[in-house]
Amino acid sequence: MRYFVLATDYDGTLATDGRVSDETIEALKRLRLSGRKLILVTGRELEDLQRAFPELDLFDCVVAENGALLYSPASRQEKALGSKPPEEFIKALRDRKVDPLSVGRVIVATWHPNETTVLQTIRELGLELQVIFNKGAVMILPSGINKAAGLTAALDEMKLSPHNVVGVGDAENDHAFLELCECSVAVANALPMVKERVDFVTQNSRGAGVVELIEQLLDSDLAEVDTQREKHNILLGTREDGSVVNMRAYGSSLLLAGTSGGGKSTLATAILERIAEQNYQFCIIDPEGDYENFEGAVILGDANRAPRIQEILDLLEQPHQNIIINLLGIALADRPAFFAELLPQLQELRARTGRPHWIVVDEAHHLMPASWNPASLTLPQELDCMMFITVHPDQVAPAALSLVDAIITVGLSPEKNIEQFCSIVNHCPPQLAPQELEPGEAIAWFRESETEPFRFRITPGHTERRRHVRKYAQGQLGEDKSFYFVGPLGKLNLRAQNLILFTQIAEGVDDETWLYHLKQGDYSRWFQEAIKDDSLAEEAQKIEKTANGSASESRAAIKAAIEQRYTLPA
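For the structure given in this document, a descriptive report is provided here. (Residues numbered from 1 in each chain as written. Predicted model: local features only at pLDDT ≥ 70, side-chain atom pairs only at ≥ 80, totals over all residues. Heavy atoms only, no water.)

## Overview of the overall build of the protein chain
Moving on, step 1. A count of helical and extended segments in the protein chain gives 22 helices and 25 strands.
Moving on, step 2. Here the protein chain holds 570 residues, and 55% of them are scored as buried.
Moving on, step 3. When the accessible area of the protein chain is evaluated, it comes to approximately 25100 Å², of which 48% is carbon and sulfur surface.
Moving on, step 4. Side chains of the protein chain carry 56 positive and 83 negative charges; the gap between the two charge centres is 3 Å. (Helix = DSSP H or I, 4+ residues; strand = E, 2+ residues; numbered from the N terminus. Buried < 20%, exposed > 50% of the residue type's maximum accessible area, 1.4 Å probe, protein only. Areas by Shrake-Rupley, 256 points an atom, 1.4 Å probe, with all protein chains shown as cover. Lys, Arg positive; Asp, Glu negative; His and termini not counted. Charge placed at Lys NZ, Arg CZ, Asp CG, Glu CD.)

As structure tokens, this is what we get:
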């Protein structure tokens, strides 16, 4: 389920002439029985609303006074989100015969044509107040208070995300909260400007339109609407003809496969940046500490401490908190079991809240290996918004790959990744001749569409991921990722767990050992496969090819290339 909350305006949307029909009330009850939440977002003052709508207990939360007051029908508690304008202002309006004039907990309200007097009074008294219009109503509120601010506060208290909310309204003061919601709806009687800016318009007016929306939510979770919307798409790149390549922000699961150095990191980072920019909550399972410097997320675990599942879940309960789960503190053989324990609990959290919106599994062949027996038991029939990243798609559990509906492949022989994927999931492979991709290119295939696989150029993120300075310069790479100076006869076994040790050992080894590894291309290979720095690997490869047997010059050149990219201690 994607949409866990329906947020609705009252007058002109839920209500007709101030009253809600029995049919609309029954529809609200059915929606609650589906496990969804209801939030009423209204410009009315609370006492007035309670008199007009005795069934207010149907709602989990009421945002009253145009966003200035939160009210919980279950607990009867109120929370003001701003301060009432000073009595001096209210007295001045009364002295100037502003009528009608109502004063709530925070809001002061009147009707057209009194807005001229209101604005003049605000200017004369030098107050920081705003005036909001709702058809003929004139509402005076503290600066920054509107329906969007009130709905945000309500969702934060309920630990829910705007990305799991459908909003419906009809008038100009609804623009702000509708824009906040993942899916925005206008009833048929809404103002033309409101209709122009929403995702869809109901065929029916007022309460009947809300009933229509509820039926679609219960029937399909608005799947037919989502296929027509593009505002939340995630940019991947551009095709040769200049057309944009996107993936849906919801409803897709992605396999990102390819050889080391082929651009997986560039694309994965760009996708994650765009997910973060749109404020979707993400959870990255990071076996090798590769996302240590990714901004906007809390890292749980490190090389010396394994992450705890409860601390993961506690953080993810906060809608705006992204996390990176670093598994370096868990032995390689134990990581699949940890992931098998974690994933069902992430699924349970999603069942309650719709979050985390994206789950990213790096090194998926380690966490979900083909031999992983529990895979079919812990994975559901459908699992949206998963991204599996791997060098070896043929080593990933078939139960996981069967959930994937899009594959992006980079590096050498990209067509083979698609062939392997199709073989594993028993899908007839598309016709694809051997491909040789240029740097920065990828091939995408959307499995359920009729489109053949196509090439595109990856659009990098706004900032390329900074190299993992602490991890690679000073951290402790595992034995399988370390560099070993062994020499031509294998007499040495000098291990470099990071770039500092690499440069120190390099300066101390004999010329024969240094040149032995240089001529074999071992340095560039390590930079690419273990350090995962394509730029450093490319420069090292040039040095390896042009060294002309000079140990001192090649040593100095490779050290300079490292220092240019990483801040090493003096």
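## With respect to the environment of Ile-330
Moving on, step 1. Tracing the backbone through its elements, the reader meets Ile-330 in the loop between β18 (323-326) and α12 (335-353).
Moving on, step 2. Take Ile-330: its relative accessible area is 10%, and that puts it in the buried class.
Moving on, step 3. For the pair Ile-330 and Pro-307, spaced 23 residues apart in the sequence, the C-alpha separation amounts to 8.4 Å.
Moving on, step 4. Leave out the neighbours within four places in its chain, and Ile-330 touches Ala-306, Pro-307, Arg-335 and Phe-338. (Contact = heavy atoms within 4.5 Å.)

## Re the sheet that holds strand β9 (residues 137-142)
Moving on, step 1. One open sheet accounts for 4 strands, arranged β6-β7-β9-β8; its pairing is antiparallel. Where the open sheet ends on each side, the last strands, each with one partner, are β6 (102-103) and β8 (129-134).
Moving on, step 2. Taken together, the 6 bridges between β8 and β9 define a ladder with antiparallel strand orientation. Pairing of Leu-129 across the sheet is with Pro-142, part of β9.
Moving on, step 3. The strands touched by helix α3 (residues 87-95) are β6, β7 (108-111), β8 and β9; relative to β7, the strand with the most contacts, the crossing angle is about 20°.
Moving on, step 4. Packed on one face of the sheet, helix α4 (residues 115-125) meets β7, β8 and β9 and runs near 170° to β8. (Pairing = 2+ DSSP bridges. Axes fitted to C-alpha atoms, helices over the stretch in contact; angles between N-to-C directions.)

## Section: the packing of α3 against α4
Two packed helices can be described by the angle between their axes and the distance between those axes.
Moving on, step 1. It is at 10 Å that the axes of α3 and α4 come closest, and there the two elements cross at 140°. Classified by the angle their axes make, α3 and α4 are oblique. For α3 against α4, the interelement crossing comes out right-handed. Here Glu-88, Phe-89, Ala-92 and Leu-93 of α3 lie close against α4, whose contacting residues are Val-118, Thr-121, Ile-122 and Leu-125. (Parallel < 35°, antiparallel > 145°, perpendicular 65-115°, else oblique. Left-handed = near helix turned anticlockwise from the far one by under 90°.)

## So, helix α22 (residues 551-565)
Moving on, step 1. Relative to the 21 Å expected for 15 residues at 1.5 Å per residue, α22 spans 22 Å between its end C-alpha atoms, a close match to the ideal helical length.
Moving on, step 2. By the burial criterion, the buried members of α22 are Ala-551, Ser-554, Arg-555, Ile-558, Ala-561 and Ile-562. All buried residues of α22 lie within an arc of 130° about the axis, which places them on one face of the element. Turned more than 90 degrees off the buried face of α22, the exposed positions are Ser-552, Glu-553 and Gln-564.
Moving on, step 3. Against the buried residues of α22 lie α18 (499-508), α19 (511-519), α20 (522-529) and α21 (534-546).
Moving on, step 4. For α22, the capping residue at the N-terminal end is Ser-550, with a side-chain oxygen 3.2 Å from the backbone nitrogen of Glu-553. (Expected span 1.5 Å × (residues − 1). Arc of directions from axis to C-beta. Polar contact = N/O pair within 3.5 Å; in protein donor to acceptor, adjacent residues only side chain to side chain.)

## A few points about the sheet that holds strand β13 (residues 234-238)
Moving on, step 1. The 11 strands are arranged β14-β13-β23-β22-β21-β15-β20-β19-β16-β18-β17 in an open sheet whose pairing can be described as mixed. In the strand order of this sheet, the two ends are held by β14 (244-247) and β17 (298-300), each with one partner. Each strand axis lies, on average, 25° off the axis of its neighbour in the sheet, ignoring direction.
Moving on, step 2. Bridge analysis of strand β15 (residues 254-258) against strand β21 (residues 406-410) gives 5 bridges, and the strand direction is parallel. From the neighbouring strand, Gly-258 faces β21, where its bridge partner is Val-410.

## What about the packing of helix α11 (residues 309-316) against α12?
Moving on, step 1. With their axes 11 Å apart at the nearest point, α11 and α12 run at an angle of 25° to one another. Considering the angle they form, α11 stands roughly parallel to α12. Read as a crossing pair, α11 and α12 show a hand that is right-handed. Mapping the contact onto sequence places Ile-309, Ile-312, Leu-313 and Leu-316 in α11 and Phe-338, Glu-341, Leu-342, Gln-345, Leu-346 and Leu-349 in α12.
Moving on, step 2. Counted by class, the contact of α11 with α12 contains 8 nonpolar, 1 polar and 1 charged residues. (Nonpolar A, V, L, I, M, F, W, Y, C, P; charged D, E, K, R; others polar.)

## Let's talk about α21
Moving on, step 1. Between its first and last C-alpha, α21 extends 19 Å over 13 residues, near the 18 Å set by a 1.5 Å rise per residue.
Moving on, step 2. Along α21, the positions that sit buried rather than exposed are Leu-536, Ala-537, Ala-540, Ile-543 and Glu-544. Buried residues of α21, viewed axially, fall in a sector of 120°; they line one side. In this structure, α21 carries Lys-542, Lys-545 and Thr-546 as exposed residues pointing more than 90 degrees from its buried face.
Moving on, step 3. Where α21 is buried, its residues touch α19, α20 and α22.
Moving on, step 4. Remark: Asn-548 follows α21 within two positions and exhibits a positive phi of approximately 55°.

## Quick look at the pairing of strand β4 (residues 69-72)
Moving on, step 1. Two strands pair when backbone bridges link them, and strand β3 (residues 61-64) and β4 are joined in this way by 3 bridges, in the antiparallel orientation. Bridging across to β4, Ala-64 finds its partner in Leu-69.
Moving on, step 2. With 4 bridges joining them, β4 and strand β5 (residues 77-80) adopt antiparallel strand pairing. Considered in β5, the bridge of Ser-72 is made with Gln-77.

## Some thoughts on the nonpolar core
Burial of nonpolar side chains together is a common tendency in soluble globular proteins.
Moving on, step 1. Ile-285, Ile-325, Val-361, Phe-388 and Phe-421 are the most contacted members of the largest nonpolar core, which has 41 residues in total.
Moving on, step 2. By residue number, the principal contributor to this core is α12, which donates 6 residues.
Moving on, step 3. When residues no more than four places from it in sequence are discounted, the contact partners of Ile-285 are Ile-325, Leu-327, Phe-339, Leu-342, Ile-359, Val-360, Val-361, Asp-362 and Leu-367.
Moving on, step 4. By size, the runner-up hydrophobic cluster in this structure holds 36 residues, among which are Val-20, Ala-52, Phe-53 and Val-168. (Core = buried A, V, L, I, M, F, W, Y, C linked by side-chain atoms within 4.5 Å.)

## Description of the packing of aromatic side chains
Moving on, step 1. Applying the stated criterion to the full structure yields 18 aromatic pairs.
Moving on, step 2. Ring geometry for Phe-421 against Trp-445: centres 6.5 Å apart, planes inclined by 85°, an arrangement best described as edge-to-face. Within this pair, whereas Phe-421 is found in helix α16 (residues 414-425), its partner Trp-445 is found in strand β22 (residues 441-446), the two being separated by 24 residues in sequence. There is no split in this pair, since Phe-421 and Trp-445 are both buried.
Moving on, step 3. Aromatic side chains Phe-483 and Tyr-523 sit 5.5 Å apart centroid to centroid with 35° between the ring planes, which places their arrangement in the tilted category. Of this pair, Phe-483 sits in strand β24 (residues 483-485) while Tyr-523 is found in helix α20, placing the two residues 40 residues apart along the sequence.
Moving on, step 4. Taking the relative accessible area as the measure of exposure, Phe-483 reaches 6% and is therefore buried.
Moving on, step 5. Aromatic rings pair up to connect Phe-483, Phe-485, Phe-502, Trp-514, Tyr-523, Trp-526 and Phe-527 into one cluster. (Phe/Tyr/Trp six-rings, centres within 6.5 Å; stacked < 30°, edge-to-face > 60°.)

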